[in-house]
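# Coordinates in review
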Amino acid sequence: MAFRYATPAGQNDLAGRPNEQAYLDGWSNLIGRQVRGQVQTLQNTLGQAPLFFSELDVAIPAAVAATPVPWVGFPRPLMLRFNGDRAQALAEAEVRDTQVLGFREPALATPVRAAFRQQDEYLEWVPLKRNGEVVGFAFTAEGPEYWEHLASFDQDAVRALYESFTGRAVTWSELSFAHDVWVDDGGNPVRIYRAGDYNPLNSVNVEECAAHLTHPANTLGAEIDLAAKATLQREDAAGNALSERRRLACCSNFGDPNRNSDPGIGLAVNLTVRGGVSLTLADPVGLYILSFDEGRIADKDGNPLDDWWKLTRGVSGRGLRAEFRPPAGSALSIADVRVGNDEPLVTGGQLAELTTMVLYAKALPLGVAEPPARRCVRRCCVKKGSAPESSMLSHERRDDPCPQGSVNAFPELTQLPITPFSRRTMGAGVSRHGGNNGSDQEE
Amino acid sequence: MDEPLIDVDDLQGHIWPGFGSTDAVLLALATATPEALRAVLTVVLPHVTTARDALEQRAARKAAFQAGQRVKGEASAGGAATNDPLRVSVALTRRGLDLVGFDTERGVDTAFDTGMTGGGTGDPRRELRADGSPEPAHPKNWVVGGPNRPFDLLVTFITQSDVAACCKPLEDQILALTDVSVVRRDVGEDLPDSREHFGFQDGISGPGLYGEYDDARHGRVPVTTRHGVPAVGGTDFGRPGQPLVWPGRFIVGLPASSGAAPTAESSLWRNGSFLVYRRLVQDVRAFYADTEAMAAELAATVPGVTGPQVRNLIVGRTPEGQSLMRVGAGAETLLSINHFFYATPTPELQLGDELVAGVAKADVAGMTCPFWAHVRKVNPRDGMNDLPEETKNLQLLRRGVPFGPIYDHDDVNAATNASERGLLFLSYQRRIREQFESLSSHWMNQFDVPAGGGHDLLVGQTLKSGAFSEKRANWPGTTQQLVAPRNWVSPTGGAYLFAPSIAALKQLARAT
């Protein structure tokens, strides 16, 4: 049978329904288009076959194991924003940010704003409440693409899932746009949502049940883009290979160097393909909840809390949704939980710190010639006087100036060290590469 | 780059640079009154070794070794033993600090404020084993520390040899004080070749510090000798494999990264460090028996695998201390033994007269040294790390000492084999939760991190419903799993402490 991309964790929300096959085929096509699109982009950039491939085009022997790439689920950018003040970062993780999704009309006059969770390590959570009291926490790692895809086939299935998450009746009007949404596409207004379409940033998702991810950076598309671009080897201005995750992320055009996930994923992919090993994201493509460290939680008396953490969607090793709450019949409540060194459980972020996320890659030699290393296409800037390794970085194009008040975080990425010899013979800032090695065409 | 000036007259020498391979007496003391605690400090304070003293003693040991004089733990070239002064360090628990009136000074390290708990360390939650007997690793059953054996101070006496005789006068002075009692006295003794009780050379790897101090003879000098090792990925090195770390990762008040300003803690905390103490018992008989059985079971599907091979993979080094990455590189030197990366090839280095062999092949997939090998689990170096902090910044300043008689493998029924043996684990770090607990509870005790593939079979603790459960690890290149049926290393005591500066000790010793 021909290879098909499965839904994340193999979840089948339309099992037995008439449009099941179309929904599954459609998902495979969606992922396949994105992966193949990345392959083509890399091919165009490199002028040769890239080390990133699609399983639609290359069969992977069953013996090739999936390589896990883990990261911690609590957002590192919040820790950086608050200079390592954990209490402030935990509090801020519960505060919503907003984005402009588009506009209500083709004239692009009335913005459509939507709230989202500031939790950008591909893991998001909300407190679950009953009569205003926190009775648990729900965690999700599901991309919005899947839910929009599901809704395009069966709105009722989506609504039923929301009802199972919230424990109450949910109407479609709560989950959908009340009006069209238009965006500006190079001067032309384009409608991206119609009235009645599923709204991924509906308030039931954002505030009540965390049905799926909401942060603009938390998408499957971002994951595929990241993995593809990370297969390109990079070198600094002196021609040294990059093997430190933040420098690699700053040098490259993938992801956010401030996150925990993106730099780690990028480096893992980059190291794996060295020497000409081909790589793809393992099927089913997704971002998953891998594990939760139950050993770090207890009740007030230090007794273990069995079965408080449960996967409610997905499978072991590929969790899509999890909930943390007292098991049925327990006399304890969230107020009785202690985390780590006897810390009262107050926010889901404390549990996110104990949650390991994962994506899976598959790698094998396919006889593809390893492309030569490329110079940096981007760089990071850091506020003047701040330490790059523990401060928020801005990710800029290589030749753009740093924002006012900031300096080049890792000068060696894009500048040769200035020595009297180089200054006399070559001039300051001359790249070792001299001519264009194609890097300038990547963006 | 400007490196910070370290006040080596104010910093305790046990924190930095440490005292090398040594014997030690650890006295965990309880004091019934603030006056009693201050009296202990008053007795001990004149003897507390400063970092300057320790640096000078280290230089003297090095000179003596090079001159062929005998130094404990190192090959003898004849000659008399070196001058072996008594070194002293002291640290207080949160309870001790509260007792002398500093109970409102909190928040500098929250794990220290709470104290060592199972939630931080991964120690068992169930006081009783399945058979109803007390679980010795449960904090309530510990012989020192925990809720039932609390203490206020840990005084550590250290010498190169015969520490008990050396420290006796001072120890007697302390014990003569009113309202002071000994909760636990443990004697540690360095084993031959700096091995630990399972037979593996220990203490090879550790970070160096950025920072300088004023030396009377040489002016401003770095606290960590630079050997000309090229920087890699933004990391500078002292010796090969010794990454330089900003001193604020260990010492309160100093910068924790390049360009960072010193932090603003009060005088009580400045130039001090947080100390983790864990009294770890090692079951040598079980370690050898179990690993032989594990090898025998594995050999059915992985032909030729032996007990020594299994043990080497569990540790990540050979008993002689050679990294699995460097096997085949020949005899190791002080400069070569720690020269390796995991995720990238290790270049050859010319350091002075010595050509230090590199390692041609990287081990991205964990086939040469598994991700779960102890040394790779707690220090993945340039390899995958799931945590937000860089690996080098999670490292600890380890100062542990073995205790108990060496296990007699030739006569397994020897009477001494029934004695307790293990490691008095001591580490200094600035942030207990982010550093010590990340390495132990997060990495050692979990299967999937920092890079997946298995638990730390050597030292990790896995719990199921609060009780110990088996640990597993994937044998490289196969679908077979090693299963460790029990823990070979168990905690029987411990505490989180704070080692104040000399100035802070004086402040604490004074009545308010």
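Up top is the structure.
Cut-offs applied
Residues numbered from 1 in each chain as written. Chains lettered and ligands numbered in written order. Predicted model: local features only at pLDDT ≥ 70, side-chain atom pairs only at ≥ 80, totals over all residues. Heavy atoms only, no water. Helix = DSSP H or I, 4+ residues; strand = E, 2+ residues; numbered from the N terminus. Buried < 20%, exposed > 50% of the residue type's maximum accessible area, 1.4 Å probe, protein only. Contact = heavy atoms within 4.5 Å. Phe/Tyr/Trp six-rings, centres within 6.5 Å; stacked < 30°, edge-to-face > 60°. Lys NZ or Arg CZ within 6 Å of the ring centre and 35° of its normal. Buried area = accessible area lost by both parts, 1.4 Å probe. Salt bridge = Lys/Arg side-chain N within 4 Å of Asp/Glu carboxyl O. Polar contact = N/O pair within 3.5 Å; in protein donor to acceptor, adjacent residues only side chain to side chain. Nonpolar A, V, L, I, M, F, W, Y, C, P; charged D, E, K, R; others polar. Pairing = 2+ DSSP bridges. Axes fitted to C-alpha atoms, helices over the stretch in contact; angles between N-to-C directions.

## Describing the side chain of Asp186 of chain B
All names here are of chain B.
- For Asp186, the position within the fold is in strand S5 (residues 180-188).
- Given the relative accessible area of 4%, Asp186 is considered buried.
- Setting aside residues up to four positions removed in sequence, Asp186 forms contacts with Ala24, Val25, Leu26, Tyr277, Arg279 and Leu424.

## Regarding the packing of aromatic side chains
Residues and elements named next belong to chain A.
- As enumerated under the stated definition, the model contains 31 aromatic pairs over all chains in all.
- In textbook terms, an aromatic cluster arises when at least three aromatic residues are bridged by ring pairs, as seen for Phe74, Trp125, Phe139, Phe292, Trp308, Trp309 and Phe324.
- The aromatic ring of Tyr122 is capped on one face by Arg259, whose charged end is 4.5 Å from the ring centroid.
- Positioned over the ring face of Phe165 is Arg321, at 3.7 Å from the centre of the ring.

## Thoughts on the interface of chain A and chain B
- Taken residue by residue, the interface counts 38 residues in chain A and 41 residues in chain B.
- In terms of surface lost to chain B, no three residues of chain A exceed Arg296, Asn341 and Glu389 of chain A, which account for 22% of the buried area on that side.
- Connecting chain A to chain B are six salt bridges.
- For the pair chain A and chain B, the interface holds 20 residue pairs in polar contact (both at pLDDT 80 or more).
- Breaking the side of chain A that touches chain B down by element, the ones donating at least two residues are strand S1 (67-72), helix H9 (245-251), helix H10 (261-272), strand S10 (288-292) and strand S11 (297-299) of chain A.
- Top element by residues in the side of chain A that touches chain B is S1 of chain A. It accounts for five residues.
- Residue classes in the side of chain A that touches chain B are distributed as 14 nonpolar, eleven polar and 13 charged.

## Quick notes on the sheet that holds strand S18 (residues 378-383) of chain A
Residues and elements named next belong to chain A.
- Across the sheet, three strands lie side by side as S19-S18-S20; this open sheet has antiparallel pairing. Pairing within the sheet leaves two strands with one partner each, and these edge strands are strand S19 (393-397) and strand S20 (406-408). For this sheet, the mean angle separating the axes of adjacent strands, direction not counted, is 40°.
- Here S18 runs beside S19; their pairing, made up of five bridges, is antiparallel. Bridging across to S19, Arg379 finds its partner in Glu396.

## Quick notes on the sheet that holds strand S15 (residues 343-344) of chain A
Residue and element names in this part refer to chain A.
- One open sheet holds the three strands; their spatial order is S11-S14-S15, and the pairing between them is antiparallel. What marks the edges here is a single partner per strand, and that holds for S11 and S15.
- Where strand S14 (residues 337-339) meets S15, two bridges bridge the pair, whose relative direction is antiparallel. Paired with Val339 across the bridge in S15 is Glu343.

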